[in-house]
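Chain by chain, the residues run as shown.
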Amino acid sequence: MVSDRENVLFQLDETYRVAREIPVELIDLEGVAAGAGLIGVASEPGVFATFSADTGEATGEQWDLAQWIIGDPEKKGLEGACWRAGSWVVVTEKPGRMLSLRSGKVELLTDMQDIDGFPVEEDCSGLLWDTARELYWICSHEGATLYLYDAARGCVVEALPLVLPAKLIKKKKKKKKKKNNEIRQAEGIAIDGDRLLVACDRRSTIYEFRIE
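Residues numbered from 1 in each chain as written. Predicted model: local features only at pLDDT ≥ 70, side-chain atom pairs only at ≥ 80, totals over all residues. Heavy atoms only, no water.

(A) The overall build of the chain, seen in detail. Looking only at helices and strands, the chain has 0 helices and 18 strands in total. Put simply, 36% of the contacts in the chain that link residues at least 6 apart link residues at least 24 apart. Roughly 12,200 Å² of accessible area belongs to the chain as shown, and the carbon and sulfur atoms make up 47% of that amount. (Helix = DSSP H or I, 4+ residues; strand = E, 2+ residues; numbered from the N terminus. Contact = heavy atoms within 4.5 Å. Areas by Shrake-Rupley, 256 points an atom, 1.4 Å probe, with all protein chains shown as cover.)

(B) Representation of the environment of G126 within the structure. By the secondary structure assignment, G126 is in strand 12 (residues 126–130). Along the backbone, G126 and E93 are 33 residues apart, and their C-alpha atoms lie at a distance of 8.8 Å. Once you skip the residues sitting within four places of it in the chain, G126 turns out to touch E79, G80, W137, I138, C139, E187 and I189.

(C) Geometry of the nonpolar core. If you look at the biggest cluster of nonpolar residues, it comprises 16 residues, and the most contacted ones within it are W137, L146, L162, I189 and V198. Of all the secondary-structure elements, those providing two or more residues to this core are strand 13 (135–140), strand 14 (145–150), strand 16 (186–192) and strand 17 (195–200). Every residue in contact with V198, bar those within four places of it in the chain, is listed here: L146, L162, A186, G188, I189, T205, I206, Y207 and F209. Among the nonpolar cores identified, the runner-up in size contains 15 residues, and C124, W129, Y136 and Y147 belong to it. (Core = buried A, V, L, I, M, F, W, Y, C linked by side-chain atoms within 4.5 Å. Buried < 20%, exposed > 50% of the residue type's maximum accessible area, 1.4 Å probe, protein only.)

(D) Up close: the sheet that holds strand 9 (residues 87–92). Taken together, 4 strands build an open sheet; the order of strands is 8-9-10-11 and the sheet is antiparallel. The sheet is open, and its two edges are formed by strand 8 (78–84) and strand 11 (105–111), each paired on a single side. Taking the axes of each pair of neighbouring strands and ignoring which way they run, one obtains an average angle of 25° across the sheet. For strand 8 and strand 9, the ladder comprises 6 bridges, and the chain directions are antiparallel. Bridged to A81 within strand 9 is V90. (Pairing = 2+ DSSP bridges. Axes fitted to C-alpha atoms, helices over the stretch in contact; angles between N-to-C directions.)

(E) Region of interest: the environment of R153. You can see R153 is positioned in the loop between strand 14 and strand 15 (155–161). Here the alpha-carbon distance between R153 and I115, two residues 38 residues apart in the chain, equals 9.3 Å.

(F) Examining the sheet that holds strand 18 (residues 205–210) more closely. Overall, antiparallel pairing links the 3 strands, which are arranged 16-17-18 in an open sheet. The sheet is open, and its two borders are formed by strand 16 and strand 18, each paired with just one other strand. Taking each pair of neighbouring strands and ignoring which way they run, the sheet shows an average axis angle of 20°. Alignment of strand 17 against strand 18, held across 6 bridges, turns out to be antiparallel. When the sheet's bridge partners are listed, L196 is paired in strand 18 with F209.

(G) Summary view of the confidence of the model for the chain. With 89% of its residues at a pLDDT of 70 or more, the chain shows a mean pLDDT of 86. Mean pLDDT per element in the chain: strand 1 (residues 2–3) is the minimum at 70, and strand 14 is the maximum at 97. (pLDDT = per-residue confidence, 0-100.)

(H) Representation of the pairing of strand 8 within the structure. With 5 of its 7 residues buried, strand 8 lies for the most part within the structure. Linking strand 8 back to strand 9 in an antiparallel pair, the connection comprises 2 residues, with A85 at a positive phi of about 45°.

(I) Representation of the pairing of strand 11. Sheet analysis places strand 10 (residues 97–102) next to strand 11, joined by 6 bridges and oriented antiparallel. What sits directly across from S100, in strand 11, is E107. In this structure, the hairpin formed by strand 10 and strand 11 is closed by a connection of 2 residues, where S103 is found at a positive phi of approximately 50°.

(J) Main features of the packing of aromatic side chains. For the structure on display, the rule yields 6 aromatic pairs. On the numbers, 5.9 Å between centres and 50° between planes, the contact of F48 with W63 is tilted. Of this pair, F48 sits in strand 6 (residues 47–52) while W63 sits in strand 7 (residues 58–64); the two residues are 15 residues apart in sequence, bridging distant segments of the chain. By relative accessible area, W63 is classed as buried at 4%. Their ring planes at 55° and their centres at 5.5 Å tell us that F48 and W88 sit as a pair that is tilted. Of the two residues, F48 sits in strand 6 while W88 sits in strand 9, which places them 40 residues apart along the sequence. Note on F48: relative accessible area 0%, which makes it buried. Chaining the aromatic ring pairs together yields one cluster made of F48, W63, W83 and W88. Just above the ring of W129 sits the side chain of R84; from NZ or CZ to the centre is 3.9 Å. (Phe/Tyr/Trp six-rings, centres within 6.5 Å; stacked < 30°, edge-to-face > 60°. Lys NZ or Arg CZ within 6 Å of the ring centre and 35° of its normal.)

The structure is reproduced here in structure tokens:
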């Protein structure tokens, strides 16, 4: 896990307690992924760098992706990262873009506006490659939704609203616009077996779902 308030990587145990902390020389951390003995870290300013999973030491592998990031200056940083078949894949916030990083090279995989079924008005706040299903999970905190993206077909195959179970919803006075059952500010996703984990900026919360 990462926090945009600290330049530290947090490794959690099975009970979601912090088991290890790894300081890194990056600021405004937004996304983290693991692959091939490495940890890849995405920062809001547009820098992606890798570190040894064993020692936490920087590998010297780093990409400055500022020129690949477009759109509103307030909504244009890197937001998520994952590892897929020998490449790092990162996503920008809004408008979303997916970039592949490998051997010092950068490739534009897709603009989110070109994906059939992904709402162009929503942001991207987390990214995960699901090897079992061969799909990307894309998190949108603005839409409070997880999108399952099939890159081979170029479309969203399922949209899963991020909502709280009824037993966890507190009764409140009527409010306009915002839904009381939405999981807000979802910023990261991970899969561990049949568990889907969603990390939220709001109250620093992790929600656990079961994948059927």
